[in-house]
Amino acid sequence: MSQPVRRIIHIDMDAFYASVEQRDNPSLRGLPVAVGRSQERGVVAAASYEARTFGVRSAMPSVVAKRKCPALVFVPPRFEVYRAVSQQIHAIFARYTPLIQPLSLDEAYLDVTAPLLPRPSATAIAQEIRVAILAETGLTASAGISYNKFLAKLASDYRKPNGQYVIPPGAGEAFVAALPVSSFHGIGPATAARMTALGIYTGADLRTQPLAVLSRHFGKAASFYYGIARGVDERPVEVDRPRKSLGKETTFGRDIRAEADLHTALQTLAENVWAACTKRQISGRTVTLKLKYDDFTQLTRSTSLTSLVRGAPQLAETGRFLLAPLLPLPRSVRLLGLTLSALDDTQNPTIETQLSLLADL
């Protein structure tokens, strides 16, 4: 017996953080708004659609955003409010399906192949969800509907803001063909640049490449790229998707370069990352150091340990180990980050650390 065609919805809130601020402060409505800090080292966390018309985007340095839009209004982020609204939105999702995969506070995949409420189509469900979100939160959402996650994600961008779009079975390959690969979810700027160097600009170009050629250039990701060029994506909606990494980063108020300052910053980052690990009862084996220089060039260095990290001191020590070959630095640093990945929750890192400390007494 053949499997039913999956019905996947991708819901994406419209300019979520900025829209919450405009909702809660009517004086901001219609104005170009950036959520973030208007400081020399500030970064835009989100931008309203009014701000986006000037080219302001999330992750943009605040000074650049202000240059693009002198009338830009900065408001400090209120993450506790955004989380509360996100919980409201996910409660709406749960009325229709238990198969929900959050991607962030403001977007999620829903599998409504077998919905909890009888509805004629996934399109009707998406419309109901968007109406409910607007009625209960005062915010708008966009939706993409298709037979797999990749296409649903593409579709949700197609009628933004406050719209929805359907890519029906059989239409995926043609829809993908004309799109630039740089717009594909799962293909970042670096990979898109590598594809461009190979003469791959669109989905149609990607489809002409044999799997063997893609494997030679892109390794394990080749099968995914080969599939999406044909509108194929077999990934299921993953409920309680396991976290792949835990990390923290900091943008300094002034550029730093001295080894002692870098070590101090690493110690603070390690303590913050380990606090997050302890809260989730998890640890990991791979440590990644991230540096962003004052000219915005960026580099990362990683190492994998033979056993789980056992505490903030070991995490900080590993960060210093990764930093050492880079010293003395060629430039000052504006941002430093530390991430723990290859996570494993089969052991309780807190208990493991306590036992280790007791054994040393």
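If you're wondering where the values come from, they're calculated on a predicted model, not measured in any experiment.

Chemist: Which residues make up the overall build of the chain, and what values go with them?
Modeler: Per the secondary structure count, the chain includes 14 helices and twelve strands. A globule of 361 residues ought to have a C-alpha radius of gyration of about 21 Å, and the chain, at 23 Å, matches this closely. Among the 361 residues that make up the chain, the fraction classed as buried is 43%. Considering only contacts within the chain whose residues lie at least 6 apart along the sequence, 64% involve residues at least 24 apart. With the model as given, the accessible surface of the chain reaches about 17900 Å², and the carbon-plus-sulfur share is 55%. Measuring between centres, the 42 positive side-chain charges of the chain sit 4 Å from its 31 negative side-chain charges.

Chemist: Can you lay out the pattern of salt bridges for me, pointing to particular residues and giving the numbers?
Modeler: Counted according to the given criterion, the structure contains 14 salt bridges. The salt bridge involving Arg331 is made with Asp295; its shortest N-O contact spans 3.6 Å. With Arg331 in the loop between helix 13 (312–323) and strand 12 (333–344) and Asp295 in the loop between strand 10 (283–293) and strand 11 (298–304), this pair connects stretches of sequence that are 36 residues apart. Salt bridges sharing common partners tie together Glu21, Arg23, Asp24 and Arg78.

Chemist: Explain the UniProt feature "active site" (unreviewed entry) in the chain residue by residue, including any values.
Modeler: If you check UniProt for "active site" (unreviewed entry), the listed places come out as Glu107 in our numbering. For Glu107, the residues in contact, after removing those within four places along its chain, are His10, Ile11, Asp12, Pro102 and Lys153.

Chemist: I'd like a description of a positive patch on the surface, backed by residues and values.
Modeler: A cluster of like positive charges, contributed by Arg83, Arg243, Lys248, Lys279 and Arg280, occupies part of the molecular surface. With respect to the helices and strands, Lys279 occurs in helix 12 (residues 259–280). Overall, Lys279 belongs to the exposed group, its relative accessible area being 71%.

Chemist: Talk me through the nonpolar core; I want residue IDs and the actual numbers.
Modeler: Residues Ile9, Ile11, Phe16, Phe93, Leu110, Ile129 and Ile133 are the most contacted members of the largest nonpolar core, which totals 33 residues. When residues of this core are traced back to their parent elements, those giving at least two are strand 1 (8–13), helix 1 (16–24), strand 2 (33–36), helix 4 (79–93), strand 6 (107–111), helix 5 (122–137) and strand 7 (141–146). Once you skip the residues sitting within four places of it in the chain, Ile129 turns out to touch Ile11, Ile92, Phe93, Tyr96 and Leu110. Among the nonpolar cores identified, the runner-up in size contains 30 residues, and Ile256, Leu269, Ala316 and Leu336 belong to it.

Chemist: Could you give an account of the packing of helix 12 against helix 13, naming the residues involved and the relevant values?
Modeler: The N-to-C vectors of helix 12 and helix 13 enclose an angle of 140°; their axes lie 8 Å apart at closest approach. Viewed along their axes, helix 12 and helix 13 adopt a mutual orientation that is oblique. Between helix 12 and helix 13 lies a crossing of right-handed hand. Each of Leu262, His263, Leu266, Gln267, Ala270, Glu271, Val273 and Trp274 in helix 12 lies in contact with helix 13, whose residues at this interface are Ala312, Leu315, Ala316, Gly319, Arg320 and Leu323. Counted by class, the contact of helix 12 with helix 13 contains nine nonpolar, three polar and two charged residues.

Chemist: Tell me about the side chain of Asp111, and name the residues and values.
Modeler: Residue placement: Asp111 occurs in strand 6. One buried charged residue, Asp111, forms no salt bridge at all, with the nearest opposite charge on Arg6 at 5.1 Å. Of the polar contacts made by the side chain of Asp111, one reaches the side chain of Thr113; its length is 2.5 Å. Residues in contact with Asp111, not counting those within four places in the same chain, are Arg6, Arg7, Ile8, Thr97, Leu99 and Val237.

Chemist: Please give an account of the UniProt feature "domain: UmuC" (unreviewed entry) in the chain that cites residues and values.
Modeler: Sites flagged by UniProt as "domain: UmuC" (unreviewed entry) map to residues 8–188. Along residues 8–188, the helical share is 37% and the strand share 20%, with 23 Å between the first and last C-alpha atoms.

Chemist: So what about the pairing of strand 5 (residues 100–104)? Which residues, and what values?
Modeler: With four bridges connecting them, strand 5 and strand 6 associate as antiparallel partners. Within the sheet, the bridge partner assigned to Gln101 lies in strand 6 and is Tyr109. What sits between strand 5 and strand 6 in their antiparallel hairpin is a turn of two residues.

Chemist: I'd like a description of the packing of aromatic side chains, backed by residues and values.
Modeler: Taken as a whole, this structure holds twelve aromatic pairs when the rule is applied. Ring centres of Phe150 and Phe184 lie 5.4 Å apart, and the angle between their planes is 85°; this geometry places the pair in the edge-to-face category. Placement of Phe150 in helix 6 (residues 149–158) and of Phe184 in the loop between helix 7 (172–177) and helix 8 (189–197) is noted, with a sequence separation of 34 residues between them. The residues Phe150 and Phe184 share a single accessibility class, namely buried. Here the aromatic residues Phe150, Phe184, Phe218, Phe224 and Tyr225 are joined through ring pairs into a cluster of three or more. Seen from the ring of Tyr49, Arg52 lies directly overhead, with NZ or CZ sitting 4.5 Å from the centre.

Chemist: So what about the domain arrangement of the chain? Which residues, and what values?
Modeler: Here the domain parsing of the chain yields domain 1 (1–168), domain 2 (171–229) and domain 3 (245–345). Each of domain 1 and domain 3 has a C-alpha centre, and these two points are 31 Å apart.

Reading the values: the criteria
- Every residue gets a number counted from 1 within its own chain, in the order that chain's sequence is written.
- In keeping with the predicted nature of the model, local features appear solely for residues at pLDDT of at least 70, side-chain atom pairs appear and are counted solely at 80 or more, and the whole-chain, interface and lining totals rest on all residues.
- The basis for every side-chain value is the complete set of heavy atoms in the structure, and neither hydrogens nor water enter the calculation.
- Helix and strand assignments come from DSSP, with helices taken as H or I runs of at least 4 residues and strands as E runs of at least 2, each series counted from the N terminus.
- Restricting the calculation to C-alpha atoms gives the radius of gyration, and the globule rule supplies 2.2 Å times the number of residues raised to the power 0.38.
- Under the scheme applied here, a residue whose accessible area is under 20% of the maximum for its type counts as buried, over 50% as exposed, and between as partly exposed, the area being computed with a 1.4 Å probe on protein chains only.
- Note on definitions: a residue-residue contact is assigned when non-hydrogen atoms from the two residues lie within 4.5 Å.
- Surface accessibility follows the Shrake-Rupley procedure with a 1.4 Å probe radius. Residue values consider only the protein chains on display as shielding.
- Counted charges follow a simple rule, with Lys and Arg positive, Asp and Glu negative, and His plus the chain ends left uncounted.
- Every charge is mapped onto a representative atom, which is NZ of Lys, CZ of Arg, CG of Asp or CD of Glu.
- Throughout this description, the term salt bridge denotes a Lys or Arg side-chain nitrogen within 4 Å of a carboxyl oxygen of Asp or Glu.
- UniProt positions are given in the numbering used here, feature names are shortened, and annotations may be inferred rather than shown by experiment.
- The patches reported here contain residues having more than 30% relative accessible area and no salt bridge. Joining distances are 9 Å for like charges and 5 Å for nonpolar side chains (Val, Leu, Ile, Met, Phe, Trp, Tyr).
- To qualify as a nonpolar core, a set must consist of buried Ala, Val, Leu, Ile, Met, Phe, Trp, Tyr and Cys residues joined through side-chain atoms within 4.5 Å.
- Here an angle of 0 to 180 degrees is reported between the N-to-C directions of two axes, which are lines fitted to C-alpha atoms, with helices fitted over the stretch in contact.
- Throughout, the term roughly parallel applies to angles under 35 degrees, roughly antiparallel to angles over 145, roughly perpendicular to angles from 65 to 115, and oblique to all others.
- Each crossing gets its hand from how the near helix is turned against the far one by less than a right angle, where anticlockwise is left-handed and clockwise is right-handed.
- Under the grouping applied here, Gly and all other residues not named as nonpolar or charged are polar, the nonpolar ones being Ala, Val, Leu, Ile, Met, Phe, Trp, Tyr, Cys and Pro and the charged ones Asp, Glu, Lys and Arg.
- Distance and chemistry together define a polar contact, namely a pair of N or O atoms within 3.5 Å, with one atom able to donate a hydrogen and the other to accept it when in protein, and with adjacent residues in sequence counting only for side-chain atoms on both sides.
- Any two strands with at least two DSSP bridges between them are considered paired.
- Classification of ring pairs rests on two measures: the distance between centres of Phe, Tyr or Trp rings, Trp counted by its six-membered ring, which must be within 6.5 Å, and the angle between planes, read as stacked under 30 degrees, edge-to-face over 60 and tilted in between.
- In this scheme, Lys NZ or Arg CZ marks a charge over a ring once it lies within 6 Å of the ring centre and within 35 degrees of the ring normal.
- Marked domain ranges trace back to an automatic or database domain assignment.

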